Every structure is written in structure tokens, then in C-alpha cells.
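What follows is the residue order along each chain.
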Amino acid sequence: AQVCVPSLLYTVQNVLLFVSISNLSGAAYQVTYQLKILSTALFSVALLGRQLGRTRWISLGMLTAGAALVQYPRGSGDPAAAAT
């Protein structure tokens, strides 16, 4: 019974990911997908009272940072080039 709410939210999130893949670029979709893992971990801590160890929190932080870096513009420093 405790897992009903997180599993329902996870299902809704998966449906929204399928909608987003048709409307977003590959990089933006990947960031959204990685945030699914983070939100699942946060919900399991908040709703289920699970404890995550230091290594897992660091891993989640690195995953979030890596997903954010994917969106960071690359290029010659020209803002017009970064927008394309």
C-alpha cells in the first residue's frame, strides 16, 4: 500500500516522457529522463521513509550535474552560435 503513490507518480511521469520525446530535442529529453531517477529517489525518501547512504546521494548529485551539463551550450562563445 505504501508504494501505490510513488508507483502512480512514476507511471504518470513515464507517460509524460513519451509525450515529451516527440516535442523535445534529444538532449532535453535525456535531461528529463535523468530527472526521473532523481525524483524517484526523492519520493522514496519523502513518502516511504527510506534512507539513502552518502554514496547514493553523491551519485544522484553527480547524475543531476551531468544531466545539467548536457544542456550547457558548447561552441566558440558566440551567443548566436550557441542558440542553434
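Residues numbered from 1 in each chain as written. Predicted model: local features only at pLDDT ≥ 70, side-chain atom pairs only at ≥ 80, totals over all residues. Heavy atoms only, no water.

**Some words on the confidence of the model for the protein**
On average, residues of the protein score 81 in pLDDT, and 87% of them are at 70 or above. Between the elements of the protein, mean pLDDT differs from a low of 55, seen in helix α4 (residues 79-82), to a high of 86, seen in helix α3 (residues 54-71). (pLDDT = per-residue confidence, 0-100. Helix = DSSP H or I, 4+ residues; strand = E, 2+ residues; numbered from the N terminus.)

**A closer look at the packing of helix α2 (residues 26-48) against α3**
Between two packed helices, what matters for the description is the angle formed by their axes and the separation of those axes. Here α2 crosses α3 at 160 degrees, and the two axes come no closer than 9 Å. Classified by the angle between their axes, α2 and α3 sit roughly antiparallel to one another. For α2 against α3, the interelement crossing comes out left-handed. In contact with Ala27, Ala28, Val31, Gln34, Leu35, Ile37, Leu38, Ala41, Leu42 and Val45 of α2, α3 contributes Trp57, Leu60, Leu63, Thr64, Ala67, Val70 and Gln71. Considering only residue class, the contact of α2 with α3 consists of 14 nonpolar, three polar and no charged. (Axes fitted to C-alpha atoms, helices over the stretch in contact; angles between N-to-C directions. Parallel < 35°, antiparallel > 145°, perpendicular 65-115°, else oblique. Left-handed = near helix turned anticlockwise from the far one by under 90°. Contact = heavy atoms within 4.5 Å. Nonpolar A, V, L, I, M, F, W, Y, C, P; charged D, E, K, R; others polar.)

**Some words on helix α1 (residues 4-21)**
Note: α-helices contain 3.6 residues per turn, so residues at a spacing of three or four share the same orientation. Helix length check: α1, at 18 residues, gives a terminal C-alpha distance of 26 Å against a target of 26 Å (1.5 Å per residue), a fit within 8%. The complete set of buried residues in α1 reads Pro6, Leu17 and Ser20. Projected down its long axis, α1 carries its buried residues within an arc of 65 degrees, all on one side. In α1, those exposed residues whose orientation departs by more than 90 degrees from the buried face are Leu8 and Phe18. Next to the buried residues of α1 lie α2. (Expected span 1.5 Å × (residues − 1). Buried < 20%, exposed > 50% of the residue type's maximum accessible area, 1.4 Å probe, protein only. Arc of directions from axis to C-beta.)

**What about the packing of α1 against α2?**
Contact geometry of α1 with α2 gives a least axis separation of 11 Å together with a crossing angle of 170 degrees. By the angle class used here, α1 and α2 are roughly antiparallel. Of the residues in α2, those touching α1 at Val5, Pro6, Leu9, Tyr10, Gln13, Asn14, Leu17, Ser20 and Ile21 are Tyr29, Thr32, Tyr33, Leu35, Lys36, Ser39, Thr40, Phe43, Leu47 and Leu48.

**A word on α2**
Look at α2: 32 Å from first C-alpha to last across 23 residues, which is about the 33 Å you get at 1.5 Å a residue. For α2, the full list of buried residues reads Ala28, Tyr29, Val31, Gln34, Lys36, Leu38, Ser39, Ala41, Ser44 and Leu48. The inward-facing, buried residues of α2 abut α1 and α3. Looking one or two places after α2, you find Gly49, whose phi comes out positive at around 70 degrees.

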